[in-house]
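Take a look at the letters that make up each chain.
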Amino acid sequence: MTELKNYLFELCSESAPSGREELLCSLERLVRPYADECYRDGAGNLIAVKKCGVPGAGRLLLDAHADEVGLVVTDVDERGFIHFANHAGIDDKILPASTVTVLSSHTLIGVVSSIPPHLDKGGKEKKVIKAKDLVIDVGLDADSARKAVKVGDFIALRSSCTELRNGLVLGKSFDNRAGCAVLVKVLSLLGSIRPRRDLYFCFSASEEFNGAGASSAAFLTEPDEALVLDTTFAVSPYTPASRGKKLGGGCAIGISPILNTHMTESLIGAARSRGLPYQTEVIAGRTGTNADNIARSRAGVPTALISLPLRYMHSAGEIVSLSDLETAVLLVMGFIEYRAGGKR
Amino acid sequence: MLEQIKRLVEINGVSGGEKKVAEYIEGVITPLADKVYTDVMGSLVAVKRGGGKRVMLMAHTDEIGLVCTYVDEKGFVRVAAVGGIKPQDFANCHITFENGVRGVFVCPDKDSKTDDCYVDVGQSDREGTLGKIDIGMTARFDADSFENENVIVSKALDDRLGCYILMEVMKNLPETDCEVYFVFTCQEEVGLRGARVAGFDISPDIAIAVDVTAAADTPDCKTHGCKMGGGAAIKVRDSSAVCAKSVVDGLVNAAENAGIPYQRDVLTAGGTDIGAVQTGGRGVLCGGVSVAVRNVHTCAETAYKNDVRAAIELICAYLEQCAE
């Protein structure tokens, strides 16, 4: 479990908002030693291939998005303050007083402006301040700020990873570096099984934005089947059990019209035969993950979905359970054996 | 500049009915290209052969407008919006149906939705109106164009201005080994449809949308953004796509090396053709060159002529640089 935690913390030590996934240098460093081929494609995906050595073998695509939510610079004003807009997935109400990383040519640390309580005349019914009325302070005067920061530079939420009690961890961008960490670990363990299919690990781009990464990856790799790893809502004060999954209760196996029933059954079968805890997540419409796009690629790709329960999604204080990540690794390994090979 | 742009904006080309725009452009550019064809969806493609990178430049031929959905017993035409329309912006505007029949678009009050609006074609009953037009016909908004020493004001600069820019780039094409696809896309305003299939078919290495972007420099404007007169707008992201860093940096370098005025463009509401190319197939490096236009999606779209010139020069400089 320590290794999995280290993968996760290393992956979350960098910032890569949608469209700038190449900033996640640690991912390639972790993946490359275990892959037969490793490359970044035109859409910004990092693809790691594990060949089975059988000519004409089928292909299984394993997808976890590598991008994270973020903001974007729209202006630097005459006081040196940075104006910004939401780029992908960030709710205005979490912004005031957040620390952020401004991903300019030289990275800057800043804080989103806030009003001290003494000066806030808003009364009891304080309204959410819109992103367009907030600024980021990086401590620079106008000249230096304008030199250092350009319109269009991306911004990420900032926090360091911390281990809480009971195997829970706290940090930013666990959505979906948690999924990435699981796939890195699976890749590192593949020596123990002999797949009958080529395995394409796709650490995909722009899931939080327009899904361009997974769409392209599915098109280019033409898989026979795909398995998507992402995060889902865990039960928390504002997420009742009817809307969320139990943190630490095992991964959530998705059940949805867009997902392939046989593959979903294989996942459940793999969990049962190995005695792994699991939960099911019934999704009526879109899954809101890369599965939606991959399943519709070309003539259609049978796709299954595993989600890791996560609290406070799209904030700098996301919480996941390392035990869920561990279970996910075993479940994906079981699934690969089930669908793509036998023991070595 | 106005004369050539006038010829483009005067053609009726509401999304789905942009054929005449493409035909006009085809007539002008055919001598300038190695190959010209129209694809299944209706986008016009002109190819300049080369052995280097495959670069796709896109400008859309369609414009926003109306489509007739119903004619009531008194002869008033009920309409639906084609593309993003705020009906108040077009209150009492003259309109022309695709067959040339003219009328007036009426938006009854400040809260009216397009459903509450109607077109009056001067007939007294349903039969009279249906003798002039059919259900399903599109109509465009009419407005005069003018220019002064700084600006051009016209309807449909979105995106006949882009079409004009591509045509000028073709006329002034620098030495380059890039294989350049000039794509005059259809149905952009209704969901980037032409670009999606053209992008798939051409499968370029680099795709660049040439379009208008919102100028955020007017007294009523509370957001930050591009300024009219600020130079060619180099897109970083819009609601539909994040541009590849290599393309953004390439365009910035080309502008700086050639001394072309430019501004970096972050559009928070609105998309362009690259959104469809980026999600439609193999994963294409995307970028955008835009002109900051005031009053976008009205009859008085306003562009700074030097920004248009800068956009033409920038694309030429970029193509030259791509070859190196």
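It should be emphasised that the depicted structure is a prediction, and the values quoted were computed from it without experimental measurement. (Residues numbered from 1 in each chain as written. Chains lettered and ligands numbered in written order. Predicted model: local features only at pLDDT ≥ 70, side-chain atom pairs only at ≥ 80, totals over all residues. Heavy atoms only, no water.)

Novice: What is the right way to look at the domain arrangement of chain B in this model?
Specialist: Frequently, the measure chosen for interface size is the accessible area removed from exposure when the parts meet. Residue and element names in this part refer to chain B. Assigned domains of chain B: these are domain 1 (2–63 + 155–323) and domain 2 (65–141). Placing a centre on the C-alpha atoms of domain 1 and another on those of domain 2 gives a separation of 30 Å. At the interface, 14 residues of domain 1 touch 15 residues of domain 2. Across the domain 1/domain 2 interface, buried area totals approximately 1000 Å², and carbon plus sulfur atoms make up 56% of it. One can count zero salt bridges joining domain 1 with domain 2. Applying the counting rule to domain 1 against domain 2 returns four residue pairs in polar contact (both at pLDDT 80 or more). Within the side of domain 1 that touches domain 2, the residues separate by chemical class into five nonpolar, four polar and five charged. (Domains from an automatic or database assignment. Contact = heavy atoms within 4.5 Å. Buried area = accessible area lost by both parts, 1.4 Å probe. Salt bridge = Lys/Arg side-chain N within 4 Å of Asp/Glu carboxyl O. Polar contact = N/O pair within 3.5 Å; in protein donor to acceptor, adjacent residues only side chain to side chain. Nonpolar A, V, L, I, M, F, W, Y, C, P; charged D, E, K, R; others polar.)

Novice: Which parts of the structure should I look at to understand the sheet that holds strand E18 (residues 318–321) of chain A?
Specialist: The strands making up a sheet associate through backbone hydrogen bonding, with each pair oriented either parallel or antiparallel. Residues and elements named next belong to chain A. If you trace the three strands from one edge of the open sheet to the other, you get E10-E11-E18, paired in antiparallel fashion. If you trace the sheet from one side to the other, it starts and ends with strand E10 (162–163) and E18, each paired once. In terms of strand pairing, strand E11 (residues 168–171) meets E18 through four bridges, oriented antiparallel. Following the sheet pairing, Val-169 is matched in E18 by Val-320. Relative to the sheet, helix H4 (residues 174–189) contacts E11 and E18, its axis offset from that of E18 by approximately 25°. The sheet strands contacting helix H8 (residues 322–340) are E10, E11 and E18, and the helix crosses E18 at an angle near 55°. (Pairing = 2+ DSSP bridges. Helix = DSSP H or I, 4+ residues; strand = E, 2+ residues; numbered from the N terminus. Axes fitted to C-alpha atoms, helices over the stretch in contact; angles between N-to-C directions.)

Novice: How should I be thinking about the interface of chain B and chain A in this particular structure?
Specialist: Taken together, the contacts link 24 residues of chain B with 27 residues of chain A. Note on chain B versus chain A: buried area summed over both sides is about 2000 Å², and carbon and sulfur give 61% of it. When the buried area of chain B at its contact with chain A is split by residue, His224(B), Val242(B) and Arg264(B) rank highest and sum to 29% of it. On inspection of chain B and its partner chain A, the count reaches one salt bridge. Scanning the region where chain B abuts chain A turns up eight residue pairs in polar contact (both at pLDDT 80 or more). Counting residues per element, the ones that place at least two in the side of chain B that touches chain A are strand E14 (232–237), helix H6 (245–258), strand E15 (262–266) and helix H7 (274–279) of chain B.

Novice: When you look at the packing of aromatic side chains in this model, what are you seeing that I'm missing?
Specialist: Within this structure, the stated rule accounts for four aromatic pairs over all chains. Judged by centre distance (3.9 Å) and plane angle (15°), the ring pair of Phe90(B) and Phe141(B) falls under stacked. Within this pair, whereas Phe90(B) is found in the loop between strand E5 (77–82) and strand E6 (94–97), its partner Phe141(B) is found in strand E9 (residues 138–141), the two being separated by 51 residues in sequence. Here the two residues Phe90(B) and Phe141(B) agree in accessibility, since each one is buried. Arranged with centres 5.7 Å apart and planes meeting at 80°, the rings of Phe105(B) and Phe141(B) form a pair that is edge-to-face. Placement of the pair is Phe105(B) in strand E7 (residues 102–106) and Phe141(B) in strand E9, with a sequence separation of 36 residues. For Phe141(B), a relative accessible area of 3% translates into the label buried. For Arg298(A), the ring lying beneath its charged end belongs to Phe219(A), and the centroid distance is 3.8 Å. (Phe/Tyr/Trp six-rings, centres within 6.5 Å; stacked < 30°, edge-to-face > 60°. Buried < 20%, exposed > 50% of the residue type's maximum accessible area, 1.4 Å probe, protein only. Lys NZ or Arg CZ within 6 Å of the ring centre and 35° of its normal.)

Novice: When you look at the environment of Ile82(A) in this model, what are you seeing that I'm missing?
Specialist: Residues and elements named next belong to chain A. Mapped onto the elements of the fold, Ile-82 is located in strand E5 (residues 82–88). Remark: the alpha-carbon pair of Ile-82 and Val-149, spanning 67 residues in sequence, is separated by 8.2 Å. Apart from residues lying up to four places away in sequence, Ile-82 is in contact with Val-73, Asp-75, Val-76, Val-102, Leu-134, Val-135, Ile-136, Val-138 and Val-149.

Novice: Is there a simple way to think about the environment of Glu3(A) in this case?
Specialist: All names here are of chain A. Its location among the elements puts Glu-3 in helix H1 (residues 2–12). On the accessibility criterion, Glu-3 (36% relative accessible area) is partly exposed. C-alpha of Glu-3 to C-alpha of Tyr-200: the two residues are 197 residues apart in sequence and 22 Å apart in space.

Novice: Sorry, what's going on with the pairing of E5(A) here?
Specialist: Sheet faces and side chains relate simply in a regular strand, where the side chains alternate between the two faces. All names here are of chain A. The buried fraction of E5 is high, at six of seven residues. Taken together, the six bridges between strand E4 (residues 70–76) and E5 define a ladder with antiparallel strand orientation. Its bridge partner being in E5, Val-76 is matched across the sheet by Ile-82. The antiparallel pairing of E4 with E5 creates a hairpin that spans five residues between the two strands, and Gly-80 there sits at a positive phi of about 90°. Two strands pair when backbone bridges link them, and E5 and strand E8 (residues 135–137) are joined in this way by two bridges, in the antiparallel orientation.

Novice: Got a minute to help me understand the domain arrangement of chain A in this structure?
Specialist: Residues and elements named next belong to chain A. Split by domain assignment, chain A resolves into domain 1 (2–68 + 172–343) and domain 2 (70–157). Each of domain 1 and domain 2 has a C-alpha centre, and these two points are 32 Å apart. Around 920 Å² of area is buried between domain 1 and domain 2 when both sides are counted, 68% of it from carbon and sulfur atoms. When residues of domain 1 are sorted by the area they lose upon contact with domain 2, Ser-15, Pro-17 and His-314 head the list and together hold 40% of the total. At the junction of domain 1 with domain 2, the criterion picks out zero salt bridges. The tally of links between domain 1 and domain 2 comes to two residue pairs in polar contact (both at pLDDT 80 or more).

Novice: Could you clarify how one ought to interpret unusual backbone geometry in this entry?
Specialist: Excluding glycine, a negative phi dihedral is what most residues carry, and trans is how most peptide bonds are arranged. In this chain, Asp175(A) is followed by Asn176(A) through a cis amide linkage whose omega measures 15°. With respect to the helices and strands, Asn176(A) occurs in helix H4. A cis amide bond, omega 5°, links Asp158(B) with the succeeding residue Asp159(B). A positive phi angle, close to 60°, is found at Ser206(A), a residue other than glycine. Within the fold, Ser206(A) resides in the loop between strand E13 (198–204) and helix H5 (212–221). Using a relative accessible area of 4% as the deciding quantity, one classes Ser206(A) as buried. In the Ramachandran plot, Asn295(B) falls in the positive-phi region, its phi being about 60° despite a non-glycine side chain. You can see Asn295(B) is positioned in the loop between strand E16 (285–294) and strand E17 (301–304). Here Asn295(B) falls in the partly exposed class, since its relative accessible area comes to 39%.

Novice: I keep staring at the packing of helix H4 (residues 157–171) of chain B against helix H8 (residues 305–323) of chain B and nothing clicks. Help me out?
Specialist: A pair of packed helices is characterised by two quantities: the angle between their axes and the separation of those axes. All names here are of chain B. Axis separation between H4 and H8 bottoms out at 9 Å; the angle between their running directions is 45°. Classified by the interaxial angle, the pair formed by H4 and H8 is oblique. Crossing of H4 over H8 shows right-handed handedness. Residues Leu-161, Tyr-164, Ile-165, Glu-168 and Val-169 of H4 pack against Val-308, Ala-311, Ile-312, Ile-315, Cys-316 and Leu-319 of H8. Here the residues of the contact of H4 with H8 are counted per class, giving ten nonpolar, no polar and one charged. (Parallel < 35°, antiparallel > 145°, perpendicular 65-115°, else oblique. Left-handed = near helix turned anticlockwise from the far one by under 90°.)

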